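# Residue-level structural notes
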Amino acid sequence: MGRRAKNKQGEPLSIEEFQARKQKKGEKRTFKKETTSKDTSNKKRHISERPVSNKSKKTKKQAVADVESDASDLPEVDYEELANAKKSLFEDSEEEEEEELQGLDDLESGEDEIDVDDEFYDSDEGDRERPMFSDDEEDMEELNAANMEALSRKLDEEAELEEYEAEQELLEGNKIQPRAKVLPTADEEEEIAKGPQDLTMVRTRMLEVVKVLEDFKTLSEEGTNRSQYIDRFVKDLCEYFGYSQFLAEKLFNLFSPSEAMEFFEANEIHRPITIRTNTLKSRRRDLAQSLVNKGVNLQPIGPWTKVGLQVFDSQVPIGATPEYLAGHYILQAASSFLPVMALDPQENERILDMAAAPGGKTTYISALMKNTGCVFANDANKARTKSLIANIHRLGCRNTIVCNYDAREFPKVIGGFDRILLDAPCSGTGVIGKDESVKVSRTEKDFIQIPHLQKQLLLSAIDSVDANSPTGGVIVYSTCSVAVDENEAVVDYALRKRPNVKLVETGLAIGKEGFTSYRGKHFSSKLSMTRRYYPHTYNVDGFYVAKFKKIAPSPNDVSKAGASEKEALARAEAEEEGIIHDDFSKFEEDEDKEIITKSIKHSLKRKGINPATVLNK
Ligand SMILES: C[S@@+](CC[C@H](N)C(=O)[O-])C[C@H]1O[C@@H](n2cnc3c(N)ncnc32)[C@H](O)[C@@H]1O
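Residues numbered from 1 in each chain as written. Predicted model: local features only at pLDDT ≥ 70, side-chain atom pairs only at ≥ 80, totals over all residues. Heavy atoms only, no water.

## Side note on the packing of aromatic side chains
Under the defined criterion, the tally for this structure stands at 17 aromatic pairs. Arranged with centres 4.9 Å apart and planes meeting at 85°, the rings of Tyr240 and Phe241 form a pair that is edge-to-face. Overall, Tyr240 belongs to the buried group, its relative accessible area being 0%. With a centroid separation of 5.7 Å and an interplanar angle of 85°, the aromatic rings of Tyr405 and Phe410 are classed as edge-to-face. A relative accessible area of 25% means that Tyr405 is categorised as partly exposed. (Phe/Tyr/Trp six-rings, centres within 6.5 Å; stacked < 30°, edge-to-face > 60°. Buried < 20%, exposed > 50% of the residue type's maximum accessible area, 1.4 Å probe, protein only.)

## What to know about the UniProt feature "domain: SAM-dependent MTase RsmB/NOP-type" (unreviewed entry) in the protein chain
The sites that UniProt annotates as "domain: SAM-dependent MTase RsmB/NOP-type" (unreviewed entry) are residues 263–551. End C-alpha atoms of residues 263–551 are separated by 38 Å, and the span's content is 29% helix alongside 22% strand. (UniProt positions renumbered as here; feature names shortened; annotations may be inferred. Helix = DSSP H or I, 4+ residues; strand = E, 2+ residues; numbered from the N terminus.)

## Brief notes about the UniProt feature "active site" (unreviewed entry) in the protein chain
Sequence positions flagged by UniProt for "active site" (unreviewed entry) are, in local numbering, Cys480. With respect to the helices, strands and loops of the structure, Cys480 is situated in the loop between β9 (474–479) and α19 (488–497).

## Things to note about the domain arrangement of the protein chain
Accessible area lost upon the coming together of the parts is a frequently used measure of interface size. As far as domains go, the protein chain holds domain 1 (186–268), domain 2 (333–550) and domain 3 (585–616). Here the C-alpha centroids of domain 2 and domain 3 sit 32 Å apart. (Domains from an automatic or database assignment.)

## A few points about the nonpolar core
Counting residues in hydrophobic clusters, the biggest one holds 100 residues, and the most contacted among them are Leu251, Leu458, Tyr477, Val491, Tyr533 and Phe548. Split by domain, this core shows at least three residues from each of two domains, domain 1 (186–268) and domain 2 (333–550). Excluding anything up to four places from it in sequence, Val491 contacts Leu458, Tyr477, Leu503, Leu527, Tyr544, Ala546 and Phe548. (Core = buried A, V, L, I, M, F, W, Y, C linked by side-chain atoms within 4.5 Å. Contact = heavy atoms within 4.5 Å.)

## So, the pattern of salt bridges
Here the structure, examined in full by the defined rule, presents 25 salt bridges. With a closest N to O distance of 3.5 Å, Lys370 and Glu347 form a salt bridge. Here Lys370, found in the loop between α15 (360–368) and β6 (374–378), pairs with Glu347, found in the loop between α14 (337–343) and β5 (350–353); they are 23 residues apart in sequence, far enough to count as distant. Residue Glu347 is classed as partly exposed on the basis of its relative accessible area of 40%. Notably, a salt bridge pairs Lys439 with Glu436, separated by 2.9 Å at the nearest N-O pair. Take Lys439: its relative accessible area is 2%, and that puts it in the buried class. Residues joined in a network through salt bridges with shared partners are Glu189, Arg205, Arg232 and Asp236. (Salt bridge = Lys/Arg side-chain N within 4 Å of Asp/Glu carboxyl O.)

## Some thoughts on unusual backbone geometry
Residues Ala357 and Pro358 are joined by a peptide bond in cis, for which omega reads 10°. In this model, Phe410 is joined to Pro411 through a cis peptide bond whose omega is 5°. Examined against the element boundaries, Pro411 turns out to sit in the loop between β7 (400–403) and β8 (419–423). Even without being a glycine, Asp344 presents a positive backbone phi close to 55°. Judged by relative accessible area, Asp344 falls into the partly exposed class, the value being 39%.

## With respect to the environment of Arg203
Within the secondary structure, Arg203 is located in helix α7 (residues 199–214). The class for Arg203 is buried, based on a relative accessible area of 7%.

## Section: the pairing of β5
Each regular strand displays side chains that alternate between the two surfaces of the sheet. In terms of strand pairing, β5 meets β6 through 4 bridges, oriented parallel. Paired with Ile351 across the two strands is Val375, which belongs to β6. As a crossover connection, the stretch from β5 through α15 into β6 is right-handed. Note that β5 and β8 share 3 bridges and pair parallel. Along β8, the bridge assignment pairs Leu352 with Ile420. (Pairing = 2+ DSSP bridges. Right-handed = clockwise from strand over helix to strand, strands pointing away.)

## Some thoughts on the site of the ligand
Lining the immediate surroundings of the ligand are 26 residues, of which Tyr121, Lys361, Asp379, Arg384 and Asp423 lie closest. Ala357 is positioned with one of its backbone polar atoms (N or O) 3.2 Å from an oxygen atom of the ligand. When the free accessible area of the ligand is taken as 610 Å², the share hidden by the protein chains comes to 96%. Among the residues forming the shell around the ligand, the class breakdown is 13 nonpolar, 4 polar and 9 charged. (Near = heavy atom within 4 Å. Polar contact = N/O pair within 3.5 Å; in protein donor to acceptor, adjacent residues only side chain to side chain. Areas by Shrake-Rupley, 256 points an atom, 1.4 Å probe, with all protein chains shown as cover. Nonpolar A, V, L, I, M, F, W, Y, C, P; charged D, E, K, R; others polar.)

## Description of helix α9 (residues 226–241)
Spanning 16 residues, α9 covers 22 Å between terminal C-alpha atoms, matching the ideal 22 Å at 1.5 Å per step. Along α9, the residues that are buried comprise Tyr229, Arg232, Phe233, Val234, Asp236, Leu237, Cys238, Tyr240 and Phe241. For α9, the secondary structure elements touched by its buried residues are α6 (186–194), α7, α8 (216–219), α10 (245–252), α11 (257–266) and α17 (438–441). Looking one or two residues beyond α9, the residue adopting positive phi is Gly242, at roughly 80°. (Expected span 1.5 Å × (residues − 1).)

## Remarks on the packing of α7 against α11
Viewed as axis vectors pointing N to C, α7 and α11 meet at an angle of 150°, and their least axial separation amounts to 8 Å. For the element pair α7 / α11, the angle class is roughly antiparallel. Residues Arg203, Met206, Leu207, Val210, Leu213 and Glu214 of α7 form the contact with α11, whose own contacting residues are Pro257, Ser258, Met261 and Glu265. Per-class residue counts for the contact of α7 with α11 are 6 nonpolar, 1 polar and 3 charged. (Axes fitted to C-alpha atoms, helices over the stretch in contact; angles between N-to-C directions. Parallel < 35°, antiparallel > 145°, perpendicular 65-115°, else oblique.)

## Thoughts on α7
Because each turn of an α-helix spans 3.6 residues, side chains separated by three or four positions end up pointing in the same direction. Here α7 is 16 residues long and its end C-alpha atoms lie 23 Å apart, about the 22 Å a rise of 1.5 Å per residue gives. Taken as a whole, α7 has its buried residues at Val202, Arg203, Thr204, Arg205, Met206, Leu207, Glu208, Val209, Val210, Val212 and Leu213. Two or three places before Thr200, at the opening of α7, Asp198 has a side-chain oxygen 2.9 Å from that residue's backbone nitrogen.

## Comments concerning the sheet that holds strand β4 (residues 329–331)
Sheet architecture is open: 4 strands sit in the order β2-β3-β1-β4, paired in antiparallel fashion. In this open sheet, the two edge strands, each paired with only one partner strand, are β2 (296–300) and β4. Across the sheet, the mean angle from the axis of one strand to that of its neighbour is 35°, orientation sign disregarded. Note that strand β1 (residues 273–277) and β4 share 3 bridges and pair antiparallel. Bridge pairing in β4 places Arg276 opposite Ile330.

Structure (structure tokens):
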């Protein structure tokens, strides 16, 4: 089984914190390498002298006092880091204030939900949770004070992480000797094959093998080759993290050995709980203020989004607050903001969300369009359109038409859209942190069948867009998978089949370049314009985004009706019947009850309380 419990860490970091820490880690390593031999014993002593972090609730005063006394008690504390951690909470607020003041009129929004269907994955989950900001200076002080607990916890985490890093260095520094015997002997392999292994040993061996693979000439044993080390490493990945051999190998092949290790480790940790402000109903600072008043510790996700908040901790179930029920926000994975930002919907356009349920991205599109124009929200799974409709209603999206087609039927049913989002059904290899079952459930067949469907859907999307749209002609393709078969290979296929589209820049501030070649396959050089996201690089779900511009119509664009005619028809029908049908007009009490109970259970579990002891009283 996976090592999730063993590796459980404190609250997840924001993208910026995560990256700053990675950078710092790199700098520290360089320094420590020079000092390792003489400092090791000292380091050990300091580690053991470190106070055990206290994650229990503190008063705000205590939290501030703790921050100060913690800093003065520790001989090895990096004061710069401490000051930066402290400063960052406050500076975020200032930056955010500026950003928000500038963008007050720039209303954006939407929402999301966490719904994974049996077959395909959605990057949004319903269950995550975890500092803070405001737009006005006065509010800022109050909000920051309210977040002192979060700051305190953040510093505890820093200490824990340093401790962990020091241990790793000991492992890496002390145990790895040049030309050390790393691979098990034949006898040892026999022993290994017999049954469960000592996981600490397995982990140490993985770290050792990574070292050897990265400096093979110097560190490998004589008479061995790379593939022997790789075979052992993949087997150890399976043993330690609980993957099938097939998937471990597939994912390992995406990275260098050391990055692969980071990726697999990041999959053992939950991503931060994030929410998106629904700007159709609220502004981020107002929402943040109301939630802070209820005991929620939060902060903006990062400078790249004006609507996202990362929840660090909450005294109330974040999926059942009055603000949630009133549609002021939606629980949505940060990665799910990205395709909609790349789509860049404009007011008064006609947009198709081809695979829309449960509606996280549809509602964001609708909010960015400020409820103008029309969003066709389609999903082939009728049952899932129920949660799509519920979200559309809760968030107050009034420019949306829900439909239930196999999207491969487009553009035959409707065509001529200004923009289309295809957030495709996928294998979910980007969301293993959310759903461990992917580790063993995905087979080779999946990576043939799913890409086949994705290719058909993408061609349909291209054919359903109006190349002569005065404002758009844009298609965005996204998945919550990191597999090349479902991403670059699909996009490259579409470029070959439809020369009337070209790839354009996504406009996204973060993301790694897509592959232009992979294991002997060469893709168009333009694939570098697509973007990849990994849990270990951005602390977001694994994700992929590609943006196309349709430059000319083609004979494939045959549609029975254009989007504008369908919209006019739907509006006329709505006028006749009333746009809200009876069966969708209200929340179902039972369904709400279930959501609220689930949220309360989750919150109790996070606090280490067995829900049964509370709920069954
Ligand atoms: C990744 S999820 C979509 C998540 C959604 N965009 C959101 O942000 O909430 C993929 C969706 O594709 C739908 N789907 C699968 N095959 C489809 C098809 N042939 N046509 C349309 N939708 C399909 C699934 O029912 C599922 O809801």
